Structures are given as structure tokens and as C-alpha cells.
Amino acid sequence: MSDDVELEDGAEEDIDLSSLSDEELVQQMHDDLYDGLKAEIEEGTHILLARGWTPDKVLAEALVEGMRIVGIDFRDGILFVPEVLMAANAMKGGMFILRPLLAETGAARIGMMIIGTVKGDIHDIGKNLVGMMMEGAGFEVIDLGINNPVESYMEAIEQHQPDIVGMSALLTTTMPYMKVVIDEMVERGIRDDYTVLVGGAPLNEAFGDAIGADAYCRDAAVAVETAKEFMARRHNQLAATA
Ligand code: B1M
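A brief structural summary. (Residues numbered from 1 in each chain as written. Predicted model: local features only at pLDDT ≥ 70, side-chain atom pairs only at ≥ 80, totals over all residues. Heavy atoms only, no water.)

Let's talk about the coordination of the cobalt atom of the ligand
In this structure, the cobalt atom of the ligand receives exactly one donor atom from the protein: H123 (NE2), at 2.2 Å. Relative to the assigned elements, H123 resides in the loop between β3 (111–118) and α5 (125–136). (Donors = N, O, S within 2.8 Å, 3.2 Å for Na, K, Ca; no water. Helix = DSSP H or I, 4+ residues; strand = E, 2+ residues; numbered from the N terminus.)

Shown next as C-alpha cells:
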């Protein structure tokens, strides 16, 4: 497949993605993500993997960095919702290819997590990424999807009895809903039976503390490390009481 690049006179030139150096290809993928070109993102992802890039490097440098740039222009009113949706769709194309590779680490199963984006919020790329990385680290992940009311979390907790309850929020208007979920867990007397981890771009550690979460996770890698730490603590506690 080739990529069309606009020339000064408005004509378009085809780019053979596989002829680009790694650095040029990553730059081109940022542009393609910005333009919402899913097929090109998928092709670029395959090319980088074939060149020996690890899945997490492709994810961080080509996809997440590309989406960061989209986010800046969305904030500044240069891009609008339909364009950002196309970018998100292109990003998901790349993530779909990486998912099995990230999950395929052969790590032993170490616990279970439920994770969902809270009520009122439909952002799911970060949540999906956390889920993928957690699977790769050996967690079974039950994905509750987006726009979850407190009842969804309670039902999933009851049904799956996870070790970890994960919540994601990308909007300042939806992040307070995480406290609704934690308060309901307290109300039901089950709060301390689970580790509650929260994340999303507008959150910070102080917010995590204020709502009574066990930890705020800055990104997917931190979520994995934090989840592992809490699992180890649980095992130590169980061993001490046995
Ligand atoms: Co939205 N959006 N959006 N958006 N969007 C943001 C969040 C925004 C910051 C853009 C901006 O203004 N710069 C802004 C929020 C401002 C605010 O609240 N202060 C915003 C807005 C305003 C909106 C709408 C209100 C726009 C409108 O309609 N006028 C609307 C709201 C819709 C709704 O939810 N009700 C809206 C809609 C959309 C789209 C649908 C177009 C699309 C979402 C598509 C989708 O997700 N399927 C979209 C997108 C793509 C974005 C940006 C550009 C990118 C988000 C993203 O995917 N980032 C975003 C700008 C930004 O964040 N810079 C923006 C990449 C992803 C890998 O990062 O999600 O942060 P992130 O996840 C990270 C960490 O945060 C962490 O780990 C992840 C991986 O490292 N993490 C967790 C996340 N969840 C975790 C859970 C955990 C642990 C870690 O649990 C344990």
C-alpha cells in the first residue's frame, strides 16, 4: 500500500511506507494518525514489527505519541470531534494488531481485573491500552466498556470477584464519578476486599487519594506495576494470616 502526500501544487505523491527509514516512518504514522488513515496505520505497524520493533515500542512511539499530537490540536480547536474519531479509529487499527503480541508474554496468571470507563465518558483508548498491558502481564481482564454506571461495577464485582477494580475517566466532569463507585463499595462493606486503581489524563495522585482509591496510575505501565505490587501485598497478607 502507498500513502498519498500532498505536493505544493496540490497534486498527491504516493509514498511507499516500507521505503522509509524507521524515523521517517514513525513521523509518517503520526501524520497518518492525525489524518485518520487506518489502513496506513495498520501497514506501518506491521512494517515496524517486521523490522524487529517490540510491540510496546511501536505502541509508545508511533501510536500513543501520534495521539498526543492529535490531543493538542483538539484542545486548541484545530481538530474537531469527527476528525478525532477518525484518528481514534486509526489508532484502534494499530492496537488491534499489537494486542495479541502484548498479551503473548507467557506470563503466569497472577490475578483478575475488571476495568471500565465511568458513566458519562466514552473515551476508551487508554482503558483498552491498560487492559492489553495487564493481559500481557498475566492478569485476566474483564472489560466493562464505556459509560458505566455504578450498578455495572457492582454487578461485575459480584459476578467475577476480581482482585482489582479499575476505573478510567478522561473528562474533568466525569472523574468525580469514580468516588460514587468507591462510596458504594464502602456502603456495601466490600471496599477493603478489592484493590481500586484509577487512571486517566485529568487525574493525579492527590485526586486518587481524595476519592479513596488505592492508587492513581499515570499510564498503562504504571498500572501494571502497581497492580503487581498490590497482588504481592495481598499474597503476603494471606500468608501471614494462614
Ligand atoms: Co475527547 N477530550 N472529548 N474525545 N479526547 C479529551 C480527553 C480532551 C482532554 C481534549 C482536549 O480538550 N485537549 C478534552 C477533555 C477536557 C477536560 O475534561 N478537561 C476532551 C473533550 C472535551 C471531549 C468532548 C466533551 C468533546 C465534545 O464533544 N465537544 C467529548 C466527550 C465525549 C464523552 O466522553 N462524553 C469528547 C469526545 C472524544 C472522541 C469521541 C472524539 C474521542 C474518543 C474516542 C475513543 O476513545 N474511542 C476523543 C479523544 C480521542 C480525545 C483525546 C484527543 C485523546 C484521548 C486518548 O485516547 N489518549 C483527548 C486529549 C488528551 O487526552 N490529550 C481528549 C490516548 C490514550 C492512550 O491516553 O486516555 O490518557 P489516555 O490513557 C492513558 C493514561 O491516562 C492512563 O493509561 C493510558 C495509557 O498509558 N489511563 C489509565 C487511562 N485510563 C486508565 C485507567 C487505569 C489506569 C491508567 O485504571 C487502573
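Describing the layout of surface pockets
Volume-wise, the largest pocket comes out at about 1,500 Å³. M67, I125, G126, L170 and A201 are the residues nearest the centre of the largest pocket, which is lined by 46 residues in total. Looking at the lining of the largest pocket, the elements with two or more residues in it are α3 (55–75), α4 (81–103), β3, α5, β5 (164–168), β6 (195–199), β7 (215–217) and α9 (220–241). Residue contributions to the lining of the largest pocket peak at 10 residues, all from α3. (1 Å grid on protein atoms, 1.4 Å probe; cavity = no way out; pocket = protein on both sides within 12 Å on 5 of 7 lines; lining within 4 Å. Points joined across faces, edges and corners; volume = space filled by probe spheres on them.)

Topic: the packing of aromatic side chains
Within the structure shown, the criterion is met by 0 aromatic pairs. Directly above the aromatic system of W53 lies the positively charged group of K57, at a separation of 4.4 Å from the ring centroid. (Phe/Tyr/Trp six-rings, centres within 6.5 Å; stacked < 30°, edge-to-face > 60°. Lys NZ or Arg CZ within 6 Å of the ring centre and 35° of its normal.)

Examining helix α2 (residues 38–50)
Between its first and last C-alpha atoms α2 spans 18 Å; for 13 residues at 1.5 Å apiece the expected length is 18 Å, and the two agree. Backbone geometry just downstream of α2 places G52 in the positive-phi region, at approximately 95°. (Expected span 1.5 Å × (residues − 1).)

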